[in-house]
Amino acid sequence: MASFDIRQFTCRSDNFGVLVHEAESGTTIAIDAPEEQAILAELETAGWTLTHILTTHHHGDHVAANEALKARFHVEIVGPEKEKMKIPGIDRPVAGGQTIDVGGVRVEVIDTPGHTLGEVSYFMPDAGAVFAADALFSLGCGRLFEGDAAMMWESLQRLRALPGATMLYCGHEYTATNAKCALSVDPDNVALQERAREVEELRREGRSTLPVLLEREKKTNPFLRADDEGLMAAMGMAGADPVDVFAAIRKKRDQY
Ligand SMILES: [Zn+2]
C-alpha cells in the first residue's frame, strides 16, 4: 500500500514549496523548485532524498532551483510539453490528459493554461491531492499573463471536476487578499464569510491558509462559481455568459 507524506513550506517571500514522499517506493517529489536552500532544509528535516521535480509552468519563481537540484540529486524533471523550451533541465515533457508514473506514484496531468499558455496541474489520486500552482489559489486564481478569461475558466472547470475530498495545494499565499475581493463580489455567501474569518485568524498567527479541501473552494471561491446563479445575481449579471462573469471577477481582483 502506498503511503504518502506531504510537507508544505514557505520559499522566497510568498511561494510555497511542497515535497511529496511515498514511503514504500522511497520516491520524493518536489512540486516546482522555487528556492534551493529552502528545499534542501526541508529534505534534511524530513530525512528524504529528492528523486523528481514536477514543474507546473515556466516562471522563474517556480523553476529557479531546477538545475541546482538536478546537479545535486540527479532528479528527473517533468514539465509541460508546451513550455519545454523555457524549463531548465526538463527531462520528460508531458501533456494534459496523460496519466504518468513518477517513481511508482500515479500522477494525472491536467491542462490548466491561462496564467501561462502551457501551465499544467498535477493530481495524485492515491494521495488525494492536487497541485495547481498559479492556476487556482484559495479564493482566487492566477493572473492572466498569457491567456484570457475563457481559457482560464475552462482550466478551472477541469480542477473543479476533481473529487471534493481532494486537498488543494497552490503556488502562493495570496488568500487574505483574495478573500477581500471574494467578499466584495459574493458578500452573502456564508461559507465564504466563515473561510474569510478563518483566513484572517490563520494569518494573524503567521500560519498558512493552505492546503484546503477542494470541496470548500467549490463553495467559496468566486472563480470556481462564475456559473452560479446566486453569484451572478449578486454581481448584477443574472443570465450572463459565465466567461463574462469570470472576466468581471478577474478584473475586480486586479484592482486589489
Ligand atoms: Zn507564475
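All figures in this text were calculated on a predicted structure; none of them were measured in a lab.

Rules of the game
Numbering of residues starts from 1 in every chain and runs along the sequence as written. At least 70 in pLDDT is required for a residue's local features to be given in this predicted model, at least 80 for side-chain atom pairs to be given and counted, and no such filter applies to totals for whole chains, interfaces and linings, which use all residues. Water and hydrogen atoms were dropped before computing side-chain values, which therefore reflect all heavy atoms in the structure. Atoms are scored as donors when they are N, O or S and lie within 2.8 Å of the metal, with 3.2 Å used for Na, K and Ca; no water is included, so coordination may look incomplete. By the criteria applied here, four donors are tetrahedral when all angles lie between 85 and 135 degrees, four are square planar and six octahedral when opposite donors are over 155 degrees apart and every other angle lies between 65 and 115, and any other arrangement is irregular. Numbering goes from the N terminus for both helices and strands, where a helix is a DSSP run of H or I of at least four residues and a strand is a run of E of at least two. Residue burial is assigned from relative accessible area. The probe radius is 1.4 Å, only protein chains are included, and a residue is buried under 20% of its type maximum, exposed over 50%, and partly exposed in between. A pair of strands is labelled paired if DSSP reports no fewer than 2 bridges between them. Residues adjacent in sequence count toward polar contacts only when both atoms are side-chain atoms; beyond that, a polar contact is any pair of N or O atoms within 3.5 Å, and within protein one must be able to donate a hydrogen and the other to accept it. The contact criterion used is simple: two residues touch if any of their non-hydrogen atoms lie within 4.5 Å. Only the contacting stretch of a helix is used when fitting its axis, a line to C-alpha atoms as for every element, and angles between N-to-C directions run 0 to 180 degrees. In this entry, domain limits derive from an automatic or database-based domain assignment. What gets called buried area is simply the loss in accessible area from a 1.4 Å probe that two parts show on being joined, summed for both. The working definition used for a salt bridge is a side-chain nitrogen of Lys or Arg within 4 Å of a carboxyl oxygen of Asp or Glu. Here the nonpolar group is Ala, Val, Leu, Ile, Met, Phe, Trp, Tyr, Cys and Pro; Asp, Glu, Lys and Arg are the charged ones; every other residue, Gly included, is treated as polar.

Time to look at the coordination of the zinc ion. Ligation of the zinc ion by protein atoms is provided by H57 (NE2), H59 (ND1), H115 (NE2) and D134 (OD), these donors lying 2.2 to 2.3 Å from the ion. One can describe the site at the zinc ion as irregular: its 4 donor atoms subtend angles covering 87 to 174° at the metal. Each donor residue of the zinc ion belongs to the same chain, with the gaps between them written as H-x1-H-x55-H-x18-D. Taken together, the residues span a long stretch of sequence, with H59 in the loop between β4 (52-54) and α2 (60-63) and D134 in the loop between β10 (129-131) and β11 (136-137) at a distance of 75 residues. On the basis of relative accessibility, which here comes to 18%, the residue H59 falls in the buried class.

Further remarks concern the pairing of strand β8 (residues 105-111). Summarising the sheet, strand β7 (residues 99-102) and β8 pair through 4 bridges and their orientation is antiparallel. When the sheet's bridge partners are listed, V102 is paired in β8 with V105. The turn joining β7 and β8, which pair antiparallel and follow one another in sequence, is formed by 2 residues; a positive phi near 55° is taken by G103. Looking at chain direction, β8 and strand β9 (residues 120-124) are connected through 4 bridges and run antiparallel. Bridge pairing in β9 places E108 opposite F123.

Moving on: unusual backbone geometry. Note that the residue after L210, namely P211, is joined by a cis bond; omega there is 0°. Topologically, P211 is positioned in the loop between α6 (190-204) and β14 (212-213). The residue R12 is not glycine, and still its phi comes out positive at about 50°. Residue placement: R12 occurs in the loop between β1 (4-11) and β2 (15-22). Phi at D32 takes a positive value of approximately 60°, unusual for a residue other than glycine. When you line up the elements, D32 lands in the loop between β3 (27-31) and α1 (36-46).

Here the focus is the side chain of N66. Note on placement: N66 falls in helix α3 (residues 66-73). Overall, N66 belongs to the buried group, its relative accessible area being 0%. Looking at N66, its side chain comes within polar contact range of the main-chain oxygen of P88, at 3.0 Å. Not counting chain neighbours up to four residues away, the residues in contact with N66 comprise A33, I53, T55, I77, I87 and P88.

Our focus in this paragraph is the sheet that holds β2. In spatial order, the strands read β1-β2-β3-β4-β5-β6; together these 6 strands make up an open sheet with mixed pairing. Edge strands, defined here as strands with exactly one partner in the open sheet, are β1 and β6 (92-94). In this sheet, adjacent strand axes meet at a mean angle of 20° when their direction is disregarded. Packed onto the sheet, α1 meets β1, β2 and β3 and runs at close to 145° relative to β1.

According to the domain assignment, the protein chain contains domain 1 (4-169) and domain 2 (175-253). A straight line from the C-alpha centre of domain 1 to that of domain 2 covers 24 Å. Facing the 26 residues of domain 1 at the interface are 27 residues of domain 2. Summed over both sides, the interface between domain 1 and domain 2 buries roughly 2400 Å², with carbon and sulfur atoms accounting for 67% of that surface. At the surface where domain 1 touches domain 2, the tally comes to 1 salt bridge. Residue D227 pairs with R160 through a salt bridge whose shortest N-O separation is 2.9 Å. When contributions to the side of domain 1 that touches domain 2 are tallied by element, the ones reaching two or more residues are β11, β12 (140-141), α4 (149-160) and β13 (167-169). In terms of residue count, α4 provides more of the side of domain 1 that touches domain 2 than any other element does, 7 residues in total. Of the residues assigned to the side of domain 1 that touches domain 2, the class counts are 18 nonpolar, 6 polar and 2 charged.

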